[in-house]
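# Architecture and fold: a report
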Amino acid sequence: MRSDIQYIYPRSKQKNSDSDYCMAKTENCDVVLIVSGSDMDAFDGEAIVTPEKTYKQCPLSVENSKALRKIFNFTSPVRHKGRDVTIGLGDRLGLASGGHIRLLRESDVFPVLAQQSIRELNLTGRTYEDVLSAAVWAVFREGYTKGFGADGDHLKTHDEVRNALECGFSMITLDCSEHIPSELDCASQAEINTRYAELPADVTGALEKLYLNKTIAVSGDVMLSFCYDDFKRIVLVYLPAIEHAINIFDELINNKDIDFEVSIDETLSTTSPQAHYFVASELVRHGVEITSLAPRFVGEFQKGIDYRGDISLFERDFLVHAEIAKMFGYKLSIHSGSDKFSVFPIIHRLTDGKYHLKTAGTNWLEAVRVIAKCSPELYREIHAFALSNLQEAKKCYHITENTDYIADLSDVSDNMLPDYLNQDDARQVLHITYGLILQAKNPDGSTLFKDRIFDVLYEHEEEYFTALEEHIGKHLAALGIDETVKG
Ligand code: ZN
């Protein structure tokens, strides 16, 4: 359907041979306009003939985004290995990338604009094609030509990795958790000894030769050694994950321009330096090229709130992980990395300013903040719904909220509603219930909140972008990154 053009986005103007492009705002959605030329045939849309010109008005569909990527290289995601600071900016609604681009346009920070896990796909009812398409259109609209990434996050199987690659994703984060029997962390040494003895002797023999009875100089400050008991446990816990990662890399990643991240963070206990070293060393020894690796650090990295734990302990632990990563030439990846303001300076300093930081839910929370400000009625409904569906949401996410600390809605005036987004317990509740909120339906099958959320955010897009610039901007400031430095 043809809609009236309200505004042409000035940065979106592009030219390809005899065709002119731009993006435009209409009353309820953005469109792309292609004026004359042969490119028009490549896009689905409505041809419009006026006395002055012929053009096509096209929806921001997945199919059209694919056509666009073939024509304008800068709209395809690219690999970021070798870049210093890279930030994952998961955008569960597909509306945030414009704000992220505005913040990072002048900086050296490389944005991974599209980043979603299978869990998030399921909870938002989106596909990898939708996720990438949203980022492509944002990049085109903002005329952002410096490159961006797309991360198939927390993928577990060959099929999941293959699917994300086929959709054009430039980064794969392999979640090895299903191949990490973390219950062995608390098994008795006798059981460990028995299980270890069942492994093929040639395998354990070769590994023992590589790792036992020596001091490994990771760096000037960091020395590592394995004691035999711990070593047996580490082999049992991590060898299956290592084999899985080698398999996936050899079969699907090798010789492609893809960032490969290995994640061992979704486990019950923290990753010891020895375990990290063992995993990294084995992967590298088998020719796996890693862009980043995500161990589980000490303390709690919960969603959307600051670090919880002993900061000096974190610093000592993080130093060792950072040195191991430097030794092998990849970056540490910090998952659930948003809002960890008290440890950001440590992360930046100890990695020499080279790391990957993943954020996602915090960008959704900024959307909720805009709703609280611009549509208090809708916010109240969402808030009440989130509280009453919390137990369901907690099946997917681990948080330690205490709802007693969340002020009763009826005691809070409209202009104070955005303050909920400054309170940890409320943040956590709104953070993890996004899937239920977006998928909730009325009896007649229409969406309970989703359409209204999109309407509010379309109408108040400037507020949303500003909120994102401010909030992610605070992250950069705490990390010690000056976003005004020209790259
Ligand atoms: Zn993770």
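Residues numbered from 1 in each chain as written. Predicted model: local features only at pLDDT ≥ 70, side-chain atom pairs only at ≥ 80, totals over all residues. Heavy atoms only, no water.

## As for the overall build of the protein chain
Within the protein chain one finds 18 helices and 16 strands. For the protein chain, the C-alpha radius of gyration of 24 Å lies close to 23 Å, the compact-globule estimate for 487 residues. Its C-alpha atoms give the protein chain principal-axis dimensions of about 85 × 60 × 45 Å. Out of the 487 residues in the protein chain, the part that is buried amounts to 56%. For the protein chain, restricting intrachain contacts to residue pairs at least 6 apart in sequence, the fraction spanning at least 24 positions comes to 72%. For the protein chain, the exposed surface amounts to about 20300 Å²; the carbon and sulfur share of it is 50%. (Helix = DSSP H or I, 4+ residues; strand = E, 2+ residues; numbered from the N terminus. Rg over C-alpha atoms; globule rule 2.2 N^0.38 Å. Buried < 20%, exposed > 50% of the residue type's maximum accessible area, 1.4 Å probe, protein only. Contact = heavy atoms within 4.5 Å. Areas by Shrake-Rupley, 256 points an atom, 1.4 Å probe, with all protein chains shown as cover.)

## Thoughts on the coordination of the zinc ion
The zinc ion binds to the protein through H154 (NE2), D265 (OD) and H335 (ND1); the donor distances cover 2.1 to 2.3 Å. For the zinc ion, the single-chain donor residues occur in sequence as H-x110-D-x69-H. With D265 in the loop between β13 (259-263) and α9 (273-285) and H335 in the loop between β15 (331-334) and α11 (344-350), the pair connects residues that are 70 residues apart, well separated along the chain. Each member of the pair, D265 together with H335, is buried. (Donors = N, O, S within 2.8 Å, 3.2 Å for Na, K, Ca; no water.)

## Topic: empty space enclosed by the protein
The tally for this structure, following the rule as stated, stands at three cavities of 30 Å³ or more. The space that makes up the largest cavity amounts to roughly 60 Å³. Every residue along the wall of the largest cavity is listed here: V62, S65, K66, R69, Y128, E129, L132, S133, V136 and C167. Where the lining of the largest cavity is concerned, the elements lending two or more residues are α1 (62-71) and α4 (128-141). Take the lining of the largest cavity: its biggest share by element is five residues, from α4. Its residues assigned to classes, the lining of the largest cavity comprises five nonpolar, two polar and three charged. (1 Å grid on protein atoms, 1.4 Å probe; cavity = no way out; pocket = protein on both sides within 12 Å on 5 of 7 lines; lining within 4 Å. Points joined across faces, edges and corners; volume = space filled by probe spheres on them. Nonpolar A, V, L, I, M, F, W, Y, C, P; charged D, E, K, R; others polar.)

## Section: the nonpolar core
Of all hydrophobic cores here, the largest spans 108 residues; its most connected members are Y238, I253, F278, F314 and F318. With 40 residues, the next largest nonpolar core counts W364, I371, L390 and L438 among its residues. (Core = buried A, V, L, I, M, F, W, Y, C linked by side-chain atoms within 4.5 Å.)

## A few points about the packing of aromatic side chains
In this description, a pair of aromatic rings is defined by centroid distance and the angle of the planes. Under the definition given, this model contains 30 aromatic pairs. Centre to centre, the rings of F301 and Y307 are 5.4 Å apart; their planes meet at 70 degrees, and the pair counts as edge-to-face. Through a chain of ring-to-ring contacts, the aromatic side chains of Y211, F226, F231, Y277, F278, F328 and Y330 assemble into a single cluster. Note that K232 overlies the ring of Y228, its terminal NZ or CZ placed 4.2 Å from the centroid. (Phe/Tyr/Trp six-rings, centres within 6.5 Å; stacked < 30°, edge-to-face > 60°. Lys NZ or Arg CZ within 6 Å of the ring centre and 35° of its normal.)

## So, the pattern of salt bridges
Enumeration according to the criterion identifies 32 salt bridges in this entry. Note that R308 is salt-bridged to D424, the shortest N-O span being 3.6 Å. Here D424 lies in helix α15 (residues 424-432) and R308 lies in the loop between β14 (292-294) and α10 (311-328), a separation of 116 residues in the sequence. What makes D424 partly exposed here is its relative accessible area of 31%. Bridged by salt links that share partners, the residues D30, R102, R105, R141, E142, E461 and E462 form one connected network. (Salt bridge = Lys/Arg side-chain N within 4 Å of Asp/Glu carboxyl O.)

## Here's the deal with the sheet that holds β15
The strands that make up a sheet are held in pairs by hydrogen bonds between backbone atoms, and each pair lies either parallel or antiparallel. Read around the closed barrel, the eight strands follow the order β7-β8-β9-β10-β13-β14-β15-β16; overall the barrel is parallel. Neighbour-to-neighbour, the strand axes of the sheet open up by a mean angle of 25 degrees, direction not taken into account. In terms of strand pairing, strand β7 (residues 85-89) meets strand β16 (residues 355-359) through five bridges, oriented parallel. Its bridge partner lying in β16, V85 is registered against Y355. (Pairing = 2+ DSSP bridges. Axes fitted to C-alpha atoms, helices over the stretch in contact; angles between N-to-C directions.)

## Examining the state of the cysteines
Under the counting rule described, the total for this entry stands at zero disulfides. C29 carries a free sulfur, and the closest cysteine sulfur to it, the one in C58, is 12 Å from it. (Disulfide = S-S within 2.5 Å.)

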